[in-house]
Amino acid sequence: MEPFKVFQVIQILLGFYTWTLIGQGVLFLFTGANSPNFIARLFRQINFPVTWLTRRLAPRVISDRHIPLLAFMLVIVLRVLTYILFFRAGLIPDITPVQG
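Throughout this description, residue numbers start from 1 for each chain and increase along the sequence as written. Only residues with pLDDT of at least 70 are given local features in this predicted model, and only at 80 or more are side-chain atom pairs given and counted; all residues enter the totals for whole chains, interfaces and linings. Excluding hydrogens and water, the side-chain figures rest on all heavy atoms present in the structure.

Draft legend 1. Main features of the overall build of the chain. The helix and strand labels rest on DSSP assignments: H or I over at least four residues marks a helix, E over at least two residues marks a strand, and numbering proceeds from the N terminus. Across its full length, the chain holds 4 helices and 0 strands. Walking the chain from its N terminus toward its C terminus, one meets helices and strands in the order α-α-α-α. Summary of the burial criterion: residues with accessible area below 20% of their type's maximum are buried, those above 50% are exposed, and those between are partly exposed, where the area comes from a 1.4 Å probe applied to protein chains only. Put simply, the chain has 100 residues, and 26% of those count as buried. For the chain, contacts bridging at least 24 residues in sequence account for 58% of all contacts bridging at least 6. Under the convention used here, a 1.4 Å probe and the Shrake-Rupley method define accessible areas, while residue burial counts only the protein chains that appear. Approximately 7500 Å² of the chain is accessible, and the part contributed by carbon and sulfur atoms is 71%. Should any heavy atoms of two residues lie within 4.5 Å, those residues are counted as being in contact.

Draft legend 2. Examining the side chain of T18 more closely. Tracing the chain through its elements places T18 in helix α1 (residues 3-31). On the basis of relative accessibility, which here comes to 4%, the residue T18 falls in the buried class. N or O atoms within 3.5 Å of each other form a polar contact, as long as, within protein, one can give a hydrogen and the other can take it, and as long as residues adjacent in sequence are counted only when both atoms are side-chain atoms. Polar side-chain contacts of T18 include one of 2.8 Å to the backbone oxygen of L14. Ignoring any residue separated from it by four or fewer positions in sequence, one finds T18 in contact with F72, V75, I76 and R79.

Draft legend 3. Main features of the nonpolar core. Among buried residues, those of type Ala, Val, Leu, Ile, Met, Phe, Trp, Tyr and Cys that are joined through side-chain atoms within 4.5 Å constitute a nonpolar core. Membership of the largest hydrophobic core is limited to 6 residues, which are L14, Y17, L21, V50, A71 and V75. Those elements giving two or more residues to this core turn out to be α1 and α4 (67-88). Sequence-distant contacts of L21, defined by excluding residues within four places in its chain, comprise N47, V50, T51, P68, A71, F72 and V75.

Draft legend 4. Just the environment of L85, in detail. Within the secondary structure layout, L85 lies in helix α4. Overall, the relative accessible area of 56% leaves L85 in the exposed class. Through-space distance from the C-alpha of L85 to that of F7 is 9.7 Å; in sequence the pair is 78 residues apart.

Draft legend 5. Examining a nonpolar patch on the surface more closely. Exposure above 30% relative accessible area and the absence of a salt bridge qualify a residue for a patch, where like charges join within 9 Å and nonpolar side chains (Val, Leu, Ile, Met, Phe, Trp, Tyr) within 5 Å. Salt bridges are counted wherever a side-chain nitrogen of Lys or Arg sits within 4 Å of a carboxyl oxygen of Asp or Glu. Together, I76, V77, V80, L81, Y83, I84 and F87 make up an exposed nonpolar region whose accessible area comes to about 620 Å². Tracing the backbone through its elements, the reader meets L81 in helix α4.

Draft legend 6. Summary view of the packing of aromatic side chains. Note on ring pairs: Phe, Tyr and Trp rings are taken, using the six-membered ring of Trp, and paired if centres are within 6.5 Å. Classes follow the plane angle, with under 30 degrees stacked, over 60 edge-to-face and the rest tilted. Following the criterion strictly, the structure yields 5 aromatic pairs and no others. Measuring from centroid to centroid gives 6.1 Å for F7 and Y83, while their planes differ by 55°, and the two rings are tilted. Taken as a pair, F7 in helix α1 and Y83 in helix α4 lie far apart in primary sequence, 76 residues in all. With centroids separated by 5.5 Å and ring planes inclined at 70°, the aromatic side chains of F16 and Y17 adopt a geometry described as edge-to-face. Through pairs of rings, three or more aromatic residues link up here, namely F4, F7, Y83, F86 and F87.

Spatial relationships are all this shows, so hold off on functional conclusions.
And the structure:
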């Protein structure tokens, strides 16, 4: 698989988790943390891998209540770092217009 396609797959996956974490956060504002709502449970289930990993990486002093927010910040940082890494390696195509 060519490097730019790998970059795109990583960005799409991280973007998916970014938006589902945003959706979970907005829904949390309206329904509460442990809502029996089907959509809230679906968001928690979809975001489980990211929140689980974040819980493992985060120090114990951070409460479980703040883990989804920290997971969101982690995903954003990973998206930016992925872009920087691929850009610096010259693996992202140049989008400047061709002169002539």
